[in-house]
Amino acid sequence: MVRPPPSALVTGGAAGIGAAIVRALVAAGHAVTFCDRDRAAGDRLSAETGATFVGMDVLDGAARARLFAEFGPFLVLVNNVGADQHAFFTDTSEDEWRRLIAINLETTFAFTHGVLGAMQAAGYGRIVNVSSEAGRQGSKGGAIYEAAMAGVIGFTRSIARENARYSVTCNAVLPGPVRTPMVEAALAVHGDRLESNMASLTLLNRLGRPEEIADVVAFLASAKASFITGEAIGVSGGMGCGAG
Ligand SMILES: NC(=O)c1ccc[n+]([C@@H]2O[C@H](COP(=O)([O-])OP(=O)(O)OC[C@H]3O[C@@H](n4cnc5c(N)ncnc54)[C@H](O)[C@@H]3O)[C@@H](O)[C@H]2O)c1
């Protein structure tokens with residue numbers, strides 16, 4: 001008998017790359033739960049896909065505990081939530097450091113901690129961490145973001161090593177520039193010049209689409225991706241091989 005794909009949790013799933021991941025996992029047959037603080041967008045995506053939406057701030061530990069108790073266990077976790085940075089390091093503050101490390105890195109620790117016990121007990125699990133190609137390359141104006149995203153890659157490798165004996169895999173996906181609300185906000189301020197600068201970072205000379213990231217995440221989240229773990233996989237139009 002073929003077992004249905006297991007329950008999946010996606011953080012920051014109401015918009016952008018996260019919403020594309022929710023759609024891709026639902027299409028692959030997973031029972032999907034996603035959390036986000038944008039309740040209106042979350043409700044719309046839930047109505048569209050049938051996925052379960054939990055409106056919450058991912059930094060709220062009590063809300064995370066309620067989510068795991070009420071909707072878990074999850075044998076697939078996609079740590080997607082994040083926020084970027086557009087300021088030279090000398091113009092940043094310790095508060096900004098704490099905010100960006102919390103949303104990009106600590107949430108990855110916290111949600112992974114919440115799911116691993118069940119995955120180990122089941123002898124199966126798929127964790128996919130959405131990092132960033134910038135976490136490998138660095139950029140001007142993103143030092144804290146990139147420190148967090150490089151941290152996600154190191155965390156991914158250690159979780160992969162510790163959990164291989166349970167058949168739990170853990171991989172990181174590293175997007176290049178992708179047209180999402182995060183990037184649209186920057187384009188609205190800086191316009192066409194920023195878009196062509198971002199595109200020129202890639203060999204394909206364009207921004208990515210959220211679906212192009214989601215398809216790779218959905219494959220890594222599937223039973224078929226059984227011999228891939230501890231990897232940091234660029235989905236960046238060639239940015240990772242030193243384009244530009
Ligand atoms: N867009 C890009 O070019 C790009 C490139 C590389 C990596 N990434 C990474 O991909 C991931 C998704 O990026 P995106 O561009 O889709 O982002 P986005 O800003 O478009 O969407 C992020 C989602 O997370 C939610 N969110 C943010 N803070 C939250 C909080 N505290 N609690 C609950 N929900 C919260 C937002 O409401 C939103 O729905 C992030 O980790 C980002 O760093 C994006």
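Preceding this paragraph is the structure being described.
In every chain, residue numbers begin from 1 and rise along the written sequence. The model is predicted, so local features are restricted to residues of pLDDT at least 70 and side-chain atom pairs to those at 80 or more, both for listing and for counting; the totals for chains, interfaces and linings are taken over all residues. Only hydrogens and water are set aside when side-chain values are computed; all heavy atoms of the structure are taken into account.

Draft legend 1. A look at the overall build of the protein. Looking only at helices and strands, one finds eight helices and seven strands in the protein. Rg of the C-alpha trace for the protein: 17 Å, near the compact-globule value of 18 Å for 244 residues, within the 12% margin. Summarising its shape, the C-alpha atoms of the protein cover approximately 55 × 35 × 35 Å along the three principal directions. Under the scheme applied here, a residue whose accessible area is under 20% of the maximum for its type counts as buried, over 50% as exposed, and between as partly exposed, the area being computed with a 1.4 Å probe on protein chains only. Out of the 244 residues in the protein, the part that is buried amounts to 50%. Taking contacts inside the protein between residues at least 6 apart in sequence as the whole, the part at least 24 apart equals 70%. In this description, accessible areas are obtained by the Shrake-Rupley approach with a 1.4 Å probe, and a residue is regarded as covered only by the protein chains that are shown. Accessible area of the protein: about 11,800 Å², with a carbon and sulfur share of 54%. Each helix is a run of DSSP H or I of at least 4 residues and each strand a run of E of at least 2, with the numbering of both proceeding from the N terminus. Only the C-alpha atoms count toward the radius of gyration. The rule for a globule is 2.2 Å times the residue count to the power 0.38. Here a residue-residue contact requires only that any non-hydrogen atoms of the pair lie within 4.5 Å.

Draft legend 2. Molecular detail of the environment of K140. Considering the arrangement of structural elements, one finds K140 in the loop between α5 (134-137) and α6 (143-163). Residues K140 and H86, 54 residues apart in the sequence, show an inter-C-alpha distance of 8.4 Å.

Draft legend 3. Summary view of the site of the ligand. If you check the shell around the ligand, you find 27 residues, and the closest are D36, N80, Y145, V178 and T180. Within the side chain of D57, an N or O atom sits 3.0 Å from a nitrogen atom of the ligand. The fraction of the free accessible surface of the ligand (830 Å²) that becomes covered by protein chains is 92%. Where the shell around the ligand is concerned, the elements lending two or more residues are α1 (16-27), α6 and α7 (181-200). Distances are taken per atom, and a residue is near a molecule or strand as soon as one of its heavy atoms is within 4 Å of it. Polar contact criterion, stated in full: a pair of N or O atoms within 3.5 Å, where within protein one must be able to donate a hydrogen and the other to accept it, and residues adjacent in sequence count only if both atoms are side-chain atoms.

Draft legend 4. Representation of the packing of aromatic side chains within the structure. Only the six-membered ring of Trp is used, alongside the rings of Phe and Tyr, when aromatic pairs are assigned; centres must lie within 6.5 Å, and planes under 30 degrees apart are stacked while those over 60 apart are edge-to-face, with the rest tilted. Per the stated rule, a full pass over the model turns up three aromatic pairs. Two thresholds decide whether a charge sits over a ring: the Lys NZ or Arg CZ must be within 6 Å of the ring centre and within 35 degrees of the ring normal. For R64, the ring lying beneath its charged end belongs to F111, and the centroid distance is 6.0 Å.

Draft legend 5. Highlighting the sheet that holds strand β1 (residues 8-11). Ordered by their spatial adjacency, seven strands build an open sheet running β3-β2-β1-β4-β5-β6-β7, and the pairing between neighbours is parallel. For this open sheet the edge positions go to β3 (52-55) and β7 (232-235), each flanked by a neighbour on one side alone. Adjacent strand axes in the sheet meet at a mean angle of 20 degrees, parallel and antiparallel pairs treated alike. For helices, the fitted axis covers only the stretch in contact; all axes are lines through C-alpha atoms, and the angles between them, taken along N-to-C directions, range from 0 to 180 degrees. Here α1 sits on the sheet and contacts β1, β2 (32-36), β4 (76-79), β5 (125-130) and β6 (168-175); the angle it forms with β1, its principal contact strand, is near 170 degrees. In the packing of helix α8 (residues 210-220) onto the sheet, the strands contacted are β4, β5, β6 and β7, and the crossing angle to β6 comes to about 170 degrees. Strands were regarded as paired on the criterion that DSSP finds at least two bridges between them.

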